[in-house]
Every structure is written in structure tokens, then in C-alpha cells.
Amino acid sequence: KAGVTQTPRYLIKTRGQQVTLSCSPISGHRSVSWYQQTPGQGLQFLFEYFSETQRNKGNFPGRFSGRQFSNSRSEMNVSTLELGDSALYLCASSPGLAGLVTDTQYFGPGTRLTVL
Amino acid sequence: AQSVTQLDSHVSVSEGTPVLLRCNYSSSYSPSLFWYVQHPNKGLQLLLKYTSAATLVKGINGFEAEFKKSETSFHLTKPSAHMSDAAEYFCVVRGGKKGYNKLIFGAGTRLAVHP
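This report concerns the structure included in the present document. (Residues numbered from 1 in each chain as written. Chains lettered and ligands numbered in written order. Predicted model: local features only at pLDDT ≥ 70, side-chain atom pairs only at ≥ 80, totals over all residues. Heavy atoms only, no water.)

**Considering the nonpolar core**
Consideration 1: In terms of nonpolar packing, the biggest core is built from 26 residues, with Trp 35, Leu 48, Phe 74, Leu 76 and Tyr 89 of chain B touching the most fellow members.
Consideration 2: At 4 residues, strand β10 (residues 87–94) of chain B tops the list of elements feeding residues into this core.
Consideration 3: Apart from the residues within four sequence positions on either side, Leu 48 of chain B is in contact with Leu 33, Phe 34, Trp 35, Val 57, Lys 58, Gly 59, Phe 63, Glu 64, Ala 65, Phe 74 and Leu 76 of chain B.
Consideration 4: Grouped together as the second largest cluster of nonpolar side chains are 21 residues, Val 19, Ala 87, Tyr 89 and Leu 113 of chain A included. (Core = buried A, V, L, I, M, F, W, Y, C linked by side-chain atoms within 4.5 Å. Buried < 20%, exposed > 50% of the residue type's maximum accessible area, 1.4 Å probe, protein only. Helix = DSSP H or I, 4+ residues; strand = E, 2+ residues; numbered from the N terminus. Contact = heavy atoms within 4.5 Å.)

**So, the pairing of strand β5 (residues 42–50) of chain A**
All names here are of chain A.
Consideration 1: The element β5 is extensively covered by neighbouring structure, given that 7 of its 9 residues are classed as buried.
Consideration 2: Relative to β5, strand β4 (residues 31–38) runs antiparallel, the two being bridged by 8 bridges. Bridge pairing in β5 places Trp 34 opposite Phe 47.
Consideration 3: Summarising the sheet, β5 and strand β6 (residues 53–57) pair through 4 bridges and their orientation is antiparallel. The residue bridging Tyr 49 from the neighbouring strand is Gln 54, located in β6.
Consideration 4: From the end of β5 to the start of β6, which pair antiparallel, there are 2 residues, and Ser 51 there has a positive phi angle of about 50°. (Pairing = 2+ DSSP bridges.)

**Observations regarding the packing of aromatic side chains**
Consideration 1: If you walk through the whole model with that rule in mind, you get 14 aromatic pairs over all chains.
Consideration 2: Considering the side-chain rings of Tyr 50 of chain B and Phe 74 of chain B, the 6.3 Å spacing of their centres and the 55° angle between planes classify their relative orientation as tilted. On the criterion of sequence distance, the pair formed by Tyr 50 of chain B in strand β6 (residues 44–50) and Phe 74 of chain B in strand β9 (residues 73–78) is long-range, its members being 24 residues apart. Phe 74 of chain B carries the same exposure label as Tyr 50 of chain B, and that label is buried.
Consideration 3: Ring pairing ties together the aromatic residues Tyr 35, Phe 45 and Phe 107 of chain A together with Phe 34, Tyr 36, Phe 90 and Phe 105 of chain B, which thus form one cluster.
Consideration 4: Just above the ring of Phe 50 of chain A sits the side chain of Arg 55 of chain A; from NZ or CZ to the centre is 4.4 Å. (Phe/Tyr/Trp six-rings, centres within 6.5 Å; stacked < 30°, edge-to-face > 60°. Lys NZ or Arg CZ within 6 Å of the ring centre and 35° of its normal.)

In C-alpha cells form, the structure reads like this:
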């Protein structure tokens, strides 16, 4: 099976712009989660989508949003970019069986976003 | 609420010697615990997971971890380090609404392996 893919792998934007990142989960997986990784804050949960619905949300401002399509692919959008949004954004997919403790997340390679 | 604490930010070992990466967790219910590894400029790879079955969990590349409820620990070990083990390791607990996907990561332990 192909793994989780993320596009683009690298992105450079300027402050005030907006950006859209894409994630294609492992075939058959219905849950997609997003994480932000920075040297200062480490890995932080952004949100999780399952069957096109946001099921869980982290503590990020409303500038961070996402959506999931019927084929389980997901996009994450950041509006009005700030310098502090520079980070590695990781997407993870899992079968998404709520309540099943063995549900395991598999990560993509990430998108490196640099805000100038 | 769930949380994890990785007790060492950096660990340095010689090739062929044992590896011990320490992790303590806090969870209000029976936890699901994971260890992930991240090599430079790569994504996260699952090493192993504990989900309330056997307390000694074996993972890939010779790693294993033991869940100790009395000590709230989930330390990662390997009998003999290899140069390719040099990477950052994350101890992770599943948090948020029970059963839903929200991973809470420790701060990470950077493992250096010297010849």
C-alpha cells in the first residue's frame, strides 16, 4: 500500500498570505489528523477529520482550518500567515475506528512551510 | 487529561551498547502509548505501541518498551545500538475524547550513537 502523501513538500510564503496544504491518506483510511512541529513548541495537534467531519480540534486560532473530501483526502488552510506559522506540518492517517484503541496513525513526510 | 514527559532531551551511546530512553505518562484512563522515531528531514515512523495487551511490547528494529502502571512509565530500550538508530524519538499518548485521534507528544529525545 502506498503511504501517506503530502503536497507540496516545501513552501515559501510571505506574511499576510494564505496557504493550502494537501494530504492523501493511506487507501482505506478514513481519519486524517494534522500536526504542527516547531523547534519551540514541539509537535502539536491541530485537528482530526473523519468522514468529512471535524471530530477533534486542538488549541489553534481560527486562521487554521481544514476540510476533508469524500475520498478522505484532506486539506489544511492557514490564512493571514504570521512568521510564527513557519513549521513542519505533518498529516497522519488511520482507519479511524473511534473507540478502538488499536487505531494507529501513520504519518506522511510533512510540508515544510517557511513564512518570510 | 493526558500528558507525557520524556526525561532526557539528549542521550548519547556508543555503537553496540544498550539504549534506554525514558518516558513517564499521565492519563485519566487506560492509556494507549506509542513510540515514534523521526530521522532528519523525514516524517514520523511508528516504532511500537501499547494498547492494554501485553505489558512488554516489541517493535521494529529491535526496540521494545515496557508498560509499568505502578510507575506510570513506558521506557524504550534496545540491547545494542546501531549507527542508524541516531534520530529523535517521541513518546506519545493518545488524548482527547476517548478513542478519538489526538496524539499528545513528549518533547522528544535526541539519540546520538558514536562509533
